[in-house]
Amino acid sequence: MDNAPVRIDLHMHSTASDGTNTPSELLCRVKEAGLTVFSLTDHDAISGCEAIRAILSPNDPRFLFGVEFSCKDPLGKYHILGYGYDPDSPSIRAVVDLGHRYRVEKLDERLVFLDRKFGFVFSEEEQAMLHALPNPGKPHLANLMVRHGYAPDVKTAFTNWLNQCVSEDLYPRPEEAIEGVLGAGGIPVLAHPCYGDGDQLILGDALDARVRRLMDFGLKGLECYYSGFTEKLRAQVLSLADRYDLYSTAGSDYHGANKLIRLADTGLSANAPLPPRLSRFLEALNA
Amino acid sequence: MSISLIGRIDSSNAAAVEETLVAQIRDGEPVVLDADKLEYISSAGLRVLLRIRKAHPEMRLVNVHEEFYDILDMTGFLEMIPVERAYHTISVEGCEVVGRGANGTLYHYNRDTVVKVYNDANALADIMRERENARLALVLGIPTAISYAIVKVGDSYGSVFELLNARSFSKILAQEPEKFDWCVDEFTKMLRRIHETEVPAGKLKDMRETALSWADFLKDYLPEQAAKKLHALIEAVPHDSHMIHGDYHTGNLELQDGEVLLIDMDTLAVGYPIFELGSIYNALIGFSEMDHGVISRFHGFDYETAKRFWSAFLADYLDTTSKAKVEEVERKARIIGYTRLVRRSIRRGGLETEQGRAEIENWKSQLLSLLETTDTLLFSRDDLEIEASAENLAEVQSFVERRLEAADCSPRALMQLGLAIEEVFINIASYAYAPGTGNATIRVEIDRAAKLATITFIDSGVPYNPLKKRDPDITLSASERQIGGLGVFLTKKLTDDVRYDRRDGKNILMLIKHL
């Protein structure tokens, strides 16, 4: 078994955040894709991981607890992945709760804004449903607006109404997320480093400075292998991992039917030996 | 199929854009994304492109403007996705038309540049192919102009060429009739050069295949026997890996600073030269057979000049003074020419107008009568068949010299070969048919790549292998030497190799010389 090729994907989303597969559906997909190691990394939520843990059987692929925190500080926005933490640790719970609290605050702010400014109202059941979501966000509101006929489509809901609500953009700070993961015995990793919080392009010196700052907080790894990377981008991130002796991880950012991303598409070839920094990462979580 | 990317693509709409794109892409069709109207793309948008690229590896991006191009470069997307940059837009309104071809119109954009504007709005692939062809031709030694930019012209595209003070042969013929002979000469020389150029396999399409498709098209419009014969004639033409231009006419030769340049390379192909002669016949005569005004509208000179030009060119090309020979090859060329004209006219709706029907009827009836009297489309072009007599030596020498000169033979090699040819030809004239007379055939073959010329002498006279003669003892005094042996010895000294073969009752002597 030791010689069997490792197929790995450490970055995917379930219905616990904005993916379209439930945790159990996701487990089926993971097995179909022939993955041998996987992790579920919902945005600011770990309930999906707990669901997977509950249904995992001994012959299933190796599963790592994961999470992806959206963070922000005066210098920028970041997605911090956390792996192999103890889900029962108050340390990780505190970040999840903080993230959730901010999301609910922003949700309430937006509901008030839409009501006052445009007269868009939602029923109490709908509001309760939104509050019950593990991580309610703008897309959920947009969907609801379309259903009510307030907006013709999701895109217009964003551009014409939702984006006008300048809420106080609340997010946990990166050091809060990193400390939370470390405190729960996990490894904090910077997601898709070149893409910032997903929609930026950060390269060269700017990326270098960013990584060093996060290392000061305790960052341990970089997501070097990522479905959205070209070879050139991957090479940049790999050279940073080498320069600062960081772990590397590999993830697709699979979202189910929401995006064209294919599960297991990380830029790592299926049969190649695991890169050393990634092997070391897996070994560190074994201990 | 081209899909337009419009406005901004960022995280707020990337998912929606992705959905729209995926819905528009049809399986099995190449995905071309037009970025002309793209104002901004964020990394979320880039990733949408990457994902589409993964699902459709043949995806291309066209009309990419500077800023977007830089981002693609910086992020390594350029290495993954074929990208064509956006093109500068120009207008050719009021510009002089230099020529009109099958695929586009050539304009004088300003003093030093011409723009070829393609008729087809989806011409980018054609333009790229023409550039490739031009590069290939240049590498193989054909002087041509390579476009240095692609521009947008109205709804279509154009290729920009630098032509400093260039004038087309059409214009020269129209304005300076005294240069007629010079034009014929240069026109022939360039064509020989093209036809002597060997093209590496697979680089250009095979004209024979194209001609077969014309014949197939005509099946429904010709009597069964004639259609069968046409097909068989073309099928019997052997594969030939030498270059043909495909649209060779006086409008596609330009004189620039004393140098003759070939332009319009999009029809470059390989094949037997009869296919080329067919299209030259059309350009000069075929198109204008019914309406003599066509030639002056296209080339500026009249029908009579065109006819004279054709005959003079063909004699020059075949290197013959024999009228019968010229007429024989002309008949073969016309078979190809009419086949092309009838098909072209039918495809352009010619059968729907009275004038069109009359033209088609004319071409078709000539085609049918030619088919009755023709058994092969092959002709000998590098052979000179001539009576083996001492008086004809000058003609033989000039026949060989012209070919060697066209192949950039060094003056030294030219002189040495001249002497060797004299030895061999006079020998044939003196002994092969004595006391009677007979013909000799002289063939010149040039291998440009190896820089070798092979000159073959064929006669049907008495068997004679000059190589069997022992080399003379040149230390002996003149009076003591054997007569004849010295000539053979000299021939061997003057060339790099001499070979003899006796086949089908013929003496075949080959002189091989490095140029």
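Residues numbered from 1 in each chain as written. Chains lettered and ligands numbered in written order. Predicted model: local features only at pLDDT ≥ 70, side-chain atom pairs only at ≥ 80, totals over all residues.

Engineer: Could you give an account of the overall build of chain B, with specific residues and numbers?
Structural biologist: Looking only at helices and strands, one finds 16 helices and 23 strands in chain B. The contacts in chain B between residues at least 6 apart in sequence include a share of 69% that link residues at least 24 apart. (Helix = DSSP H or I, 4+ residues; strand = E, 2+ residues; numbered from the N terminus. Contact = placed C-beta atoms within 7 Å.)

Engineer: Now, about the pairing of strand β8 (residues 96–100) of chain B: what can you tell me, with residues and values included?
Structural biologist: Residues and elements named next belong to chain B. By the bridge criterion, 4 bridges tie β8 to strand β9 (residues 104–110) in an arrangement that is antiparallel. When the bridges of β9 are listed, Val97 appears paired with Tyr107. Here β8 folds back onto β9 in antiparallel fashion, the turn holding 3 residues. (Pairing = 2+ DSSP bridges.)

Engineer: Before we move on, can you summarise the sheet that holds strand β1 (residues 2–4) of chain B with the specific residues and values?
Structural biologist: Residue and element names in this part refer to chain B. Taken together, the 4 strands give an open sheet; going across it, the order is β1-β3-β5-β6, and neighbouring strands pair in parallel fashion. For this open sheet the edge positions go to β1 and β6 (83–85), each flanked by a neighbour on one side alone. Neighbouring strand axes in the sheet, compared pairwise and without regard to direction, differ in orientation by 20° on average. (Axes fitted to C-alpha atoms, helices over the stretch in contact; angles between N-to-C directions.)

Engineer: How would you summarise helix α4 (residues 124–139) of chain B if you had to cite specific residues and measurements?
Structural biologist: Residue and element names in this part refer to chain B. With 16 residues, α4 extends 23 Å from end C-alpha to end C-alpha; this agrees with the ideal 22 Å at 1.5 Å per step. Turning to α4, its buried residues are Leu124, Ile127, Glu130, Asn133, Ala134 and Ala137. The secondary structure elements touched by the buried residues of α4 are β5 (60–64), β6, β10 (113–118), β11 (149–153) and β12 (156–162). Gly141, located one to two residues past α4, shows a positive phi value of around 100°. (Expected span 1.5 Å × (residues − 1). Buried ≥ 20, exposed ≤ 12 C-beta atoms within 10 Å, placed from the backbone.)

Engineer: Tell me about the interface of chain A and chain B, and name the residues and values.
Structural biologist: Counting residues at the interface gives 20 residues for chain A, matched by 22 residues for chain B. In terms of residue count, helix α6 (residues 154–161) of chain A provides more of the side of chain A that touches chain B than any other element does, 4 residues in total. Residue classes in the side of chain A that touches chain B are distributed as 8 nonpolar, 7 polar and 5 charged. (Nonpolar A, V, L, I, M, F, W, Y, C, P; charged D, E, K, R; others polar.)

Engineer: Could you give an account of the confidence of the model for chain B, with specific residues and numbers?
Structural biologist: All names here are of chain B. Of all residues in chain B, 96% attain a pLDDT of 70 or more, and the chain-wide mean is 89. When the elements of chain B are averaged for pLDDT, helix α16 (residues 485–494) gives the smallest value, 76, and helix α9 (residues 274–284) the largest, 97. For this predicted complex, the interface score ipTM comes out at 0.79, alongside a pTM of 0.54. (pLDDT = per-residue confidence, 0-100.)

Engineer: Describe unusual backbone geometry, listing the residues and the values that go with them.
Structural biologist: All names here are of chain B. In the segment running from Ala434 into Pro435, the intervening peptide bond is cis, with an omega of 5°. Looking at the secondary structure, you find Pro435 in the loop between α15 (411–432) and β20 (439–447). One non-glycine residue with positive phi stands out, namely Asp264, at about 60°. Relative to the elements of secondary structure, Asp264 occurs in the loop between β17 (259–262) and β18 (269–270). In this model, Lys451 sits at a positive phi of 55°, which is unusual for a non-glycine residue. Topologically, Lys451 is positioned in the loop between β20 and β21 (452–459).

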